[in-house]
Amino acid sequence: MASTEWFQTDRYRAKEGLGVWEHKGKAAIAGLGNSPTTRRWDGDLSTSLGAWAILAAERALDDAGITKDEIDGVVSCPQGMGDEWGAERGYFAAPYDTEDGLSGVSAHWLVKNMGLENVKTTYHAPGCMSTALVAGAEVVGSGEAKTILVIRGTGNMPGRYHQTPGDTVGGPQQWTNPWGWQLIPQIAFGFDQYCRKYGSNHDRMAPFVLNQRRNGSMFPEGFYYQNRPDDLNLTVDDYLASRWICKPMNINDCDLPIQTAGAFLITTGERARQMKKKPVYILNHVQQRGVVRSSLETLDETEEFSLSIAKKCYEGSGLTASEVDVFNPYDGFTLFTQSFLEGFGWHGVKHGEAHDFYGDDIRVEGPHPFSSSGGNNGNGRTRWWGFYDSVQQLRGEAGARQVQIKAETAIAGAFTPQISDWLVLGTSPD
Amino acid sequence: MPKMSPVPDEVSQGFWDACNEGRLVVQSCNACSWLQHPPRPECYNCGSTDSVWREMSGRGKIHGYCTMYDSRIRALQEHQPFIIAVIELEDAPEIKMFSHLPGTPVDDNVPVGATVEVVYEDTKGSDQKVAEWKVVS
Ligand SMILES: [Zn+2]
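Residues numbered from 1 in each chain as written. Chains lettered and ligands numbered in written order. Predicted model: local features only at pLDDT ≥ 70, side-chain atom pairs only at ≥ 80, totals over all residues. Heavy atoms only, no water.

1. Notes on the coordination of the zinc ion
All names here are of chain B.
Here comes step 1: On the protein side, the zinc ion has Cys29 (SG), Cys32 (SG), Cys43 (SG) and Cys46 (SG) as donor atoms, found 2.2 to 2.4 Å from it.
Here comes step 2: Bound by four donor atoms, the zinc ion shows angles of 103 to 114 degrees at the metal and therefore tetrahedral coordination geometry.
Here comes step 3: Spacing between the donor residues of the zinc ion along their common chain follows C-x2-C-x10-C-x2-C. Here Cys29, found in strand 2 (residues 25-29), pairs with Cys43, found in the loop between strand 3 (35-36) and strand 4 (51-55); they are 14 residues apart in sequence, far enough to count as distant. (Donors = N, O, S within 2.8 Å, 3.2 Å for Na, K, Ca; no water. Tetrahedral: all angles 85-135°; square planar, octahedral: opposite > 155°, others 65-115°. Helix = DSSP H or I, 4+ residues; strand = E, 2+ residues; numbered from the N terminus.)

2. Some remarks on the interface of chain A and chain B
Here comes step 1: Every contact between the two is made by 41 residues of chain A and, on the other side, 48 residues of chain B.
Here comes step 2: Approximately 4000 Å² of surface area, both sides summed, lies buried where chain A meets chain B, with 58% of it carried by carbon and sulfur atoms.
Here comes step 3: A per-residue breakdown of the area chain A buries against chain B is headed by Trp175(A), Trp179(A) and Arg293(A), which together make up 24% of the total.
Here comes step 4: There are three salt bridges connecting chain A and chain B.
Here comes step 5: Among the ionic pairs, Arg243(A) bridges to Asp70(B), the shortest N-O distance being 3.0 Å.
Here comes step 6: The interface formed by chain A and chain B includes 22 residue pairs in polar contact (both at pLDDT 80 or more).
Here comes step 7: Those elements that provide at least two residues to the side of chain A that touches chain B are strand 6 (168-169), helix 4 (183-198) and strand 7 (244-247) of chain A.
Here comes step 8: Top element by residues in the side of chain A that touches chain B is helix 4 of chain A. It accounts for seven residues.
Here comes step 9: Per-class residue counts for the side of chain A that touches chain B are 18 nonpolar, 16 polar and seven charged.
Here comes step 10: In this structure, strand 7 of chain A lies alongside strand 5 (residues 59-68) of chain B, joined through two bridges in antiparallel fashion. (Contact = heavy atoms within 4.5 Å. Buried area = accessible area lost by both parts, 1.4 Å probe. Salt bridge = Lys/Arg side-chain N within 4 Å of Asp/Glu carboxyl O. Polar contact = N/O pair within 3.5 Å; in protein donor to acceptor, adjacent residues only side chain to side chain. Nonpolar A, V, L, I, M, F, W, Y, C, P; charged D, E, K, R; others polar. Pairing = 2+ DSSP bridges.)

3. Some thoughts on the environment of Gln182(A)
Here comes step 1: Here Gln182(A) shows up in the loop between strand 6 and helix 4.
Here comes step 2: For the pair formed by Gln182(A) and Ala137(A), sequence separation is 45 residues and the distance between their alpha carbons is 32 Å.
Here comes step 3: If we skip the residues at most four places from it in the chain, Gln182(A) touches Thr164(A), Asn177(A), Arg72(B) and Ile73(B).
Here comes step 4: Within the structure, Gln182(A) has its side chain in polar contact with the side chain of Thr164(A) (distance 3.2 Å).

In short, the description is geometric, and any link to function would need to be established separately.
Here's what the structure looks like:
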């Protein structure tokens, strides 16, 4: 197996009006696995993204109680989120003689190096574990493969993350980079627009961010739990005194780049019922790729995108807002999470009400356990903790984080309102 | 504040040439009169590839802003913190451009809603000028 195709773009459920997903409930998540986490790769091949993707996949197999012989498909998001290792630092002996396995992990790399001899179907999905998960849901739901691993490594190499050098710029960035407009200003500006429109301010984010850290303190797979538990004791004063990255966004509104790998095992509902863990059925999968009018996203566009995501999630699963128990939208920049909360109308939250809601009881023990995972703010940047937690919650296996309200359905997704992928999950296939 | 220099391409050349001549233009569709910026090969509204450059008044309003303290863009890092404002054009508020608001103090009192006027600034890496915006006092 030399290479892997991108998952076909017309198989993503990206449009409104598609009706209930024709494969609703036919696929289920039956295994979870995550490698250890660390801040940066130290150059040791035993903790490379490739080695850790294999470890995560083995853990997912153990969790499901099956062997690798049963795996007939792999879907990977082959790019890490960090920078490349780079040829100038020098590659290693095979299988580490290219970037593959170091700064990202392809499906065929995993197949070969894990010895997955019965795999017939592999796909790649760009950009995010969430994209690989929705592709995986469709692969199993449609019957193309029966039992698959969905993997991603998110790497962080030594050195500063994502710098933009140079004195000239062409392509789409000719309109933005001269002014320093990139994703972070977009999010900070969007949040400022939100506060102006609804009369809020950045200080009112503190309860949400502190609660994300608190949930992270109960997430053993997470980065902070494993490496920096003291950072989870963030106080309101600490938060308000944090250095600005792009005001009104501070350092504690940003998730921390980390090195780790995760794996989800998806199989048919029928087969899942025979495996070790309680099946978590996939009721729908949704893609959002919003087109903006200009070189930036206005608040109106952000709100429109989030409403569209929610509409598609509800329409394809047949659920309504009041039927969603666990809700784990992406928080990698905490400053856009309110858009998801309001767009989905979870727990009745309407436009402009998210910050009031954050000030209410959003603890996992309470009546509104929003983002029970602690998200990427509470666990480091992977973009898959929300899915991971949602499965654990629906199994009743979330430990200290287990929500006290009913946990029979869940929605999780990443990344932004404009560009994201979502799963709707349930303890029942209908 | 010296910025990275945009490198014009086939679609953007007319806009950047106009900046060098001290004129602000926006791409306008000949089929449906739709205005769009940045320019695209096709009209976002109707798909036509037939467009002209329409000159704008050069006045606008501050739509919103943020203040950058830790940019990934190396060329700007020595000037931190700096304002990044979003400007909406007077003639077409749906058209937005960016600005560092030269002359405006970097604090929490950036006058959102204030009227601004275009100026043209030299850039770091070439002779290309870019449109910038100053608050009209
Ligand atoms: Zn047109």
